[in-house]
Amino acid sequence: MADPIRRLVQELARLPGIGEKTATRLAFHLIRTNRQQIRDLAQALVDATDKIRLCSVCMNMTEADPCGMCTDPRRDGDTICVVATPSDLIAIDRGGHFRGRYHVLHGLLSPLEGIGPDDIRLAELVRRLGAAPGDDAGRPSGAGAQIGPVREVIIATSPSVDGEATAMYIARTIKPLGVQVSRIATGLPVGGELEYSDQATIARAMAGRATM
Ligand SMILES: [Zn+2]
């Protein structure tokens, strides 16, 4: 295999869900595609990664800060659903059963992989609840975001070992702030990923949540 193609295969194979075989197939498809289409693809990649950032309130990916969900007045600002990833947020929101706001952690605590509380967006959640120690401002500065007192935080991390450990840690951290903390019911298969769960399962897990 020529070196440029080998490099392309290597880069493609780094993407989630793409193995060596698929990467090779994609690479050979791409080098046969017309030049303009390839330039458009490359430009779309650059634009998406340049323009998308994290919402300063909920940490979800957005073009506008604060994001549309944080500024939507129809969403109930007193309930926050905490998820591990933006895809989990999409999975939960798709069903339309939950009309509160979200907080994206961008990961789960994992002592085995050396991922600690400072490696996920937990401090931002604490700050959002208005009680970061030594932080007088308390509230995020995002203009236009509908931020009221938060009554309940629903932790919707997966029922895997890391997901449970993360939920426990968050509950311990934010309960002293006077907020009700609940955990989605374990209607999800153990270790199952939220993003692959069907809507009925997610709705059941949300409805059956229990106070931690
Ligand atoms: Zn937001």
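Predicted model, so just to flag it, every value in this text is computed and none were measured.

J.: What exactly am I supposed to notice about the packing of helix α5 (residues 86-94) against helix α8 (residues 199-207) here?
T.: Two numbers describe a pair of packed helices, the interaxial angle and the distance between the axes. Where α5 contacts α8, the axes come no closer than 9 Å and their chain directions differ by 90°. Here α5 lies roughly perpendicular to α8, going by the angle between them. Of the residues in α8, those touching α5 at Ala91, Ile92 and Arg94 are Gln199, Ile202 and Met206. Class assignment of the residues belonging to the contact of α5 with α8 gives a composition of four nonpolar, one polar and one charged.

J.: Where do I start with the sheet that holds strand β6 (residues 180-183) in this structure?
T.: Hydrogen bonding along the main chain pairs the strands of a sheet, whether they run parallel or antiparallel. Reading across from one edge, β4-β3-β5-β6-β7 is the order of the five strands in this open sheet, with mixed pairing throughout. Two strands close off the open sheet at either side, each with one partner strand: β4 (100-104) and β7 (210-211). The strands touched by helix α7 (residues 161-174) are β3 (76-83), β5 (152-155) and β6; relative to β6, the strand with the most contacts, the crossing angle is about 170°.

J.: Sorry if this is basic, but what is going on with the side chain of Asn60 here?
T.: Looking at where Asn60 falls in the secondary structure, it is placed in the loop between β1 (53-54) and β2 (61-62). On the accessibility criterion, Asn60 (12% relative accessible area) is buried. Residues in contact with Asn60, not counting those within four places in the same chain, are Arg53, Leu54, Cys55, Pro86, Leu89 and Val104.

J.: Just checking my understanding: could you explain the coordination of the zinc ion for this structure?
T.: Six octahedral donors around a metal ideally subtend angles of 90 or 180 degrees, whereas four tetrahedral donors ideally subtend 109.5 degrees. Around the zinc ion, the protein contributes the donor atoms Cys55 (SG), Cys58 (SG), Cys67 (SG) and Cys70 (SG), which lie 2.3 Å from the metal centre. Because the angles between the four donor atoms bound to the zinc ion fall within 104 to 115°, the donor set is best described as tetrahedral. Each donor residue of the zinc ion belongs to the same chain, and together they define the spacing C-x2-C-x8-C-x2-C. Looking at Cys67, the relative accessible area reads 5%, which means it is buried.

J.: Would you mind going over the nonpolar core with me for this structure?
T.: The tendency in soluble globular proteins is for nonpolar side chains to be buried side by side. In this structure, Leu125, Leu129, Val153, Ile170 and Ile174 are the most contacted members of the largest nonpolar core, which totals 18 residues. Sorting the residues of this core by element identifies β3, α6 (123-128), β5 and α7 as the ones contributing at least two each. Judged by nonpolar contacts, the second largest core, of 16 residues, contains Met59, Val104, Ile184 and Ala205.

J.: Any chance you could explain the layout of surface pockets here in plain terms?
T.: Take a probe with the size of a water molecule and roll it over the atoms, and the empty space left behind shows itself. In this structure, the largest pocket encloses a volume near 240 Å³. Lining the largest pocket are Leu8, Glu11, Leu12, Leu15, Leu30, Ile31, Ile38, Leu41, Ala42 and Leu45. Within the residue set of the lining of the largest pocket, elements represented by two or more residues are α1 (3-13), α2 (20-32) and α3 (35-51). Here the lining of the largest pocket gets four residues from one element, more than from any other, and that element is α3. Considered class by class, the residues forming the lining of the largest pocket number nine nonpolar, no polar and one charged.

J.: Would you mind going over the packing of α1 against α2 with me for this structure?
T.: Between α1 and α2, whose axes approach to 8 Å, the crossing angle comes to 125°. The pairing of α1 with α2 is recorded here as oblique in orientation. Crossing angle aside, the handedness with which α1 passes α2 is right-handed. Contact residues: α1 offers Ile5, Leu8, Val9, Leu12 and Ala13, while α2 offers Glu20, Ala23, Thr24, Leu26, Ala27, Phe28, Leu30 and Ile31. Considering only residue class, the contact of α1 with α2 consists of eleven nonpolar, one polar and one charged.

Reading the values: the criteria
Residues numbered from 1 in each chain as written. Predicted model: local features only at pLDDT ≥ 70, side-chain atom pairs only at ≥ 80, totals over all residues. Heavy atoms only, no water. Axes fitted to C-alpha atoms, helices over the stretch in contact; angles between N-to-C directions. Helix = DSSP H or I, 4+ residues; strand = E, 2+ residues; numbered from the N terminus. Parallel < 35°, antiparallel > 145°, perpendicular 65-115°, else oblique. Contact = heavy atoms within 4.5 Å. Nonpolar A, V, L, I, M, F, W, Y, C, P; charged D, E, K, R; others polar. Pairing = 2+ DSSP bridges. Buried < 20%, exposed > 50% of the residue type's maximum accessible area, 1.4 Å probe, protein only. Donors = N, O, S within 2.8 Å, 3.2 Å for Na, K, Ca; no water. Tetrahedral: all angles 85-135°; square planar, octahedral: opposite > 155°, others 65-115°. Core = buried A, V, L, I, M, F, W, Y, C linked by side-chain atoms within 4.5 Å. 1 Å grid on protein atoms, 1.4 Å probe; cavity = no way out; pocket = protein on both sides within 12 Å on 5 of 7 lines; lining within 4 Å. Points joined across faces, edges and corners; volume = space filled by probe spheres on them. Left-handed = near helix turned anticlockwise from the far one by under 90°.

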